[in-house]
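Below, each chain spelled out in residue letters.
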Amino acid sequence: MLYQAYQTYCDMMEPSRRMAALALEARDRLWPWADVWGWPRRIHALCATHKLSAITHSRPAFGITHVRVGNANVAVREEVAVERPFGNLIHFAKDEVMTPQPKMLVVAPLSGHYATLLSHTIEVLLRDHDVYLTDWKNARDVPLAEGRFGLEDYTDYLIHFLRELGPRSHMLAVCQPCVSALATVAVMSAERDPCTPRSLTLMSGPVDVREAPTVVNELANANTLDWFEANLISRVPSRYKGAGRKVYPGFLQLTAFMSMNLGRHFGQFRKLYQALVDEREAEAKKIAHFYDEYMAVLDLSAEFYLETIDQVFQQATLARGEMMHRGRRIDCAAIRQTALLTVEGERDDICGVGQTAAAHQMCSSLRPHLRRHHLQPGVGHYGVFAGSKWEKQVYPQVRNLVLAMS
């Protein structure tokens, strides 16, 4: 009923959003000069703001066509290296690089947004790495016949992708998948898999939520698992390919995130409107680009969401040494050859300082020269992997570790 109510609301709002889009299209095609007057500019600014406020369910484009490698501007193209029901392995291929670059698997969060939220992360990494990315699919578009997708399946996907990259690759996980990435390396290390990554970078992830709990952790522990299942899980409506599949809807995840900083988001939309009215194009474009990504959501399979709440946020099973994979306990002490870098943001209000660094205690067999931790001053959660400080201060830490282990 919850999903159907949301869908009904979207259907009711669709005519007004289409009219806003048509008004902007008409301006661009028929009278681009109209914005020289104040009142048409205000109307068009209102239309643009209304159109942008819509929640969408289609993956935006990465928009990465070229990257600077050394002194050359190199073309980049997206290729699907592996296609699987719940997520693809995307390769950002570069043809003109003369010197082979280390392969890097970037593990994107499966937390309600598409992997395109990491566009800037990818763009920076492409300078010195051969980059692959987990491109998770919207669960509402996956037919029921494809079966379930839970935490263990997530780990299996990462193992499969790393084997596709082959030996001597590297892995970087952002936010929520840090737990699964660490578990994957532990499983592969225990099996002495030759494709175990040479380095693992964990960025602002809830490895051990018992350290410095945040509002996110408190919300996850405020109710029982049965409450989450009863109140937040819905079935996909019949109009979609995944009709009947139980999911945690992406619009609920987005609502939860926005409610944490509701005043700030309203303020940003007001800024967008005023920037369009005042013809401050650069400012308006920056805000619009962020919300194009932020308002694009995907649904999570119910089993993945509930297992994440249970094992990551309520019980911290990996940190306690109790997480299982296919009937075997995951032991992070099995990691002996994979160098570990953890990165945290000083002002992170989603993943508290210490939650990611806890991985070092868990990887007790790693020698000191294979461990590094970086606490980035002056940034919140997103500043760890996007923006100028990621590019100029965090990224060199990642690049140097990969270089040392390659």
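Residues numbered from 1 in each chain as written. Predicted model: local features only at pLDDT ≥ 70, side-chain atom pairs only at ≥ 80, totals over all residues. Heavy atoms only, no water.

(A) Broad picture of the packing of aromatic side chains. Following the criterion strictly, the structure yields 19 aromatic pairs and no others. The interplanar angle of 50 degrees and the centroid separation of 6.3 Å between the aromatic rings of Phe 149 and Tyr 154 together place this pair among those described as tilted. Residue class for Tyr 154 comes out buried when judged on its relative accessible area of 0%. Taken together through their ring pairs, the aromatic side chains of Phe 86, Trp 136, Phe 149, Tyr 154, Tyr 157, Phe 161 and Phe 304 make up a single cluster. Here the guanidinium or amino end of Arg 84 rests over the ring plane of Tyr 157, the centre of that ring lying 4.3 Å away. (Phe/Tyr/Trp six-rings, centres within 6.5 Å; stacked < 30°, edge-to-face > 60°. Buried < 20%, exposed > 50% of the residue type's maximum accessible area, 1.4 Å probe, protein only. Lys NZ or Arg CZ within 6 Å of the ring centre and 35° of its normal.)

(B) Spatial organisation of the pattern of salt bridges. Under the criterion given, the structure shown has 14 salt bridges. With its nearest N and O atoms 2.8 Å apart, the salt bridge here joins Glu 307 to Arg 148. Of this pair, Glu 307 sits in helix H11 (residues 302-314) while Arg 148 is found in the loop between strand E5 (130-136) and helix H4 (151-165), placing the two residues 159 residues apart along the sequence. Here Glu 152 ties to Arg 326 by a salt bridge, and the two come within 3.4 Å at their closest N and O atoms. Of this pair, Glu 152 sits in helix H4 while Arg 326 sits in the loop between strand E11 (324-325) and strand E12 (328-329); the two residues are 174 residues apart in sequence, bridging distant segments of the chain. For Arg 326, a relative accessible area of 44% corresponds to the partly exposed category. The network of salt bridges with common partners includes Arg 148, Glu 152, Asp 153, Asp 156, Glu 307 and Arg 326. (Salt bridge = Lys/Arg side-chain N within 4 Å of Asp/Glu carboxyl O. Helix = DSSP H or I, 4+ residues; strand = E, 2+ residues; numbered from the N terminus.)

(C) Summary view of the side chain of Thr 134. By secondary structure assignment, the location of Thr 134 is in strand E5. Looking at Thr 134, the relative accessible area reads 0%, which means it is buried.

(D) Seen up close, the sheet that holds strand E6 (residues 170-174). Strand order in the open sheet made by the 9 strands is E1-E2-E3-E5-E4-E6-E7-E13-E14, with mixed pairing throughout. In the strand order of this sheet, the two ends are held by strand E1 (66-69) and strand E14 (371-376), each with one partner. The average angle at which neighbouring strand axes cross in this sheet is 25 degrees, direction not considered. The strands that helix H5 (residues 178-190) touches are E6 and strand E7 (199-203); relative to E7, the one it contacts most, it runs at about 160 degrees. (Pairing = 2+ DSSP bridges. Axes fitted to C-alpha atoms, helices over the stretch in contact; angles between N-to-C directions. Contact = heavy atoms within 4.5 Å.)

(E) Inspection of helix H10 (residues 281-294) at higher detail. Helix length check: H10, at 14 residues, gives a terminal C-alpha distance of 20 Å against a target of 20 Å (1.5 Å per residue), a fit within 8%. Within the span of H10, buried status applies to Ala 284, Ile 287, Ala 288, Tyr 291, Glu 293 and Tyr 294. (Expected span 1.5 Å × (residues − 1).)

(F) Quick look at the domain arrangement of the chain. Partitioning the chain into domains gives domain 1 (1-54 + 250-295) and domain 2 (66-219 + 300-405). Contacts between domain 1 and domain 2 engage 9 residues on the former and 12 residues on the latter. Both faces considered, domain 1 and domain 2 share a buried interface measuring about 970 Å² in area, 59% of it formed by carbon and sulfur atoms. Linking domain 1 with domain 2 are 0 salt bridges. Our count for the domain 1 to domain 2 interface comes out at 2 residue pairs in polar contact (both at pLDDT 80 or more). (Domains from an automatic or database assignment. Buried area = accessible area lost by both parts, 1.4 Å probe. Polar contact = N/O pair within 3.5 Å; in protein donor to acceptor, adjacent residues only side chain to side chain.)

(G) Spatial organisation of the sheet that holds strand E8 (residues 234-235). Ordered by their spatial adjacency, 3 strands build an open sheet running E8-E9-E10, and the pairing between neighbours is antiparallel. Looking at the sheet topology across the chains shown, the edges are occupied by E8 and strand E10 (300-301). Of the strand pairs in this sheet, E8 and strand E9 (residues 246-248) are connected by 2 bridges, and their pairing is antiparallel. Bridged to Ser 234 within E9 is Val 247.

(H) Representation of the packing of H4 against H11 within the structure. Remark: H4 packs on H11, axes separated minimally by 8 Å, with the N-to-C direction vectors making an angle of 100 degrees. If you check the angle between H4 and H11, you find them roughly perpendicular. Between H4 and H11, the contacting residues are Leu 151, Glu 152 and Tyr 154 on the first element and Phe 304, Glu 307, Thr 308 and Gln 311 on the second. Among the residues forming the contact of H4 with H11, the class breakdown is 3 nonpolar, 2 polar and 2 charged. (Parallel < 35°, antiparallel > 145°, perpendicular 65-115°, else oblique. Nonpolar A, V, L, I, M, F, W, Y, C, P; charged D, E, K, R; others polar.)

(I) Highlighting the nonpolar core. By size, the foremost hydrophobic cluster in this structure holds 124 residues, and its most contacted members are Phe 92, Leu 182 and Leu 202. Two domains share this core, each providing at least three of its residues, namely domain 1 (1-54 + 250-295) and domain 2 (66-219 + 300-405). Those residues in contact with Phe 92 that sit more than four places away from it in its chain are Phe 62, Ile 64, Val 76, Arg 77, Glu 78, Ile 122, Leu 126, Asp 130, Val 131 and Leu 133. (Core = buried A, V, L, I, M, F, W, Y, C linked by side-chain atoms within 4.5 Å.)

(J) Representation of the pairing of strand E4 (residues 103-107) within the structure. A large share of E4 lies buried, amounting to 4 of its 5 residues. As paired strands, E4 and E5 are joined by 4 bridges and run parallel to one another. Looking at the pairing, Leu 105 lines up with Tyr 132 of E5. Between E4 and its parallel partner E5, the chain crosses via helix H3 (residues 119-125), and the hand of that crossover is right-handed. (Right-handed = clockwise from strand over helix to strand, strands pointing away.)

(K) The arrangement of unusual backbone geometry in detail. For Cys 175, which is not a glycine, the phi torsion comes out positive at approximately 65 degrees. Secondary-structure assignment places Cys 175 in the loop between E6 and H5. One non-glycine residue, Ala 212, lies in the positive phi region at around 45 degrees. Within the secondary structure, Ala 212 sits in the loop between E7 and helix H6 (215-221). Judged by relative accessible area, which is 38%, Ala 212 ranks as partly exposed.

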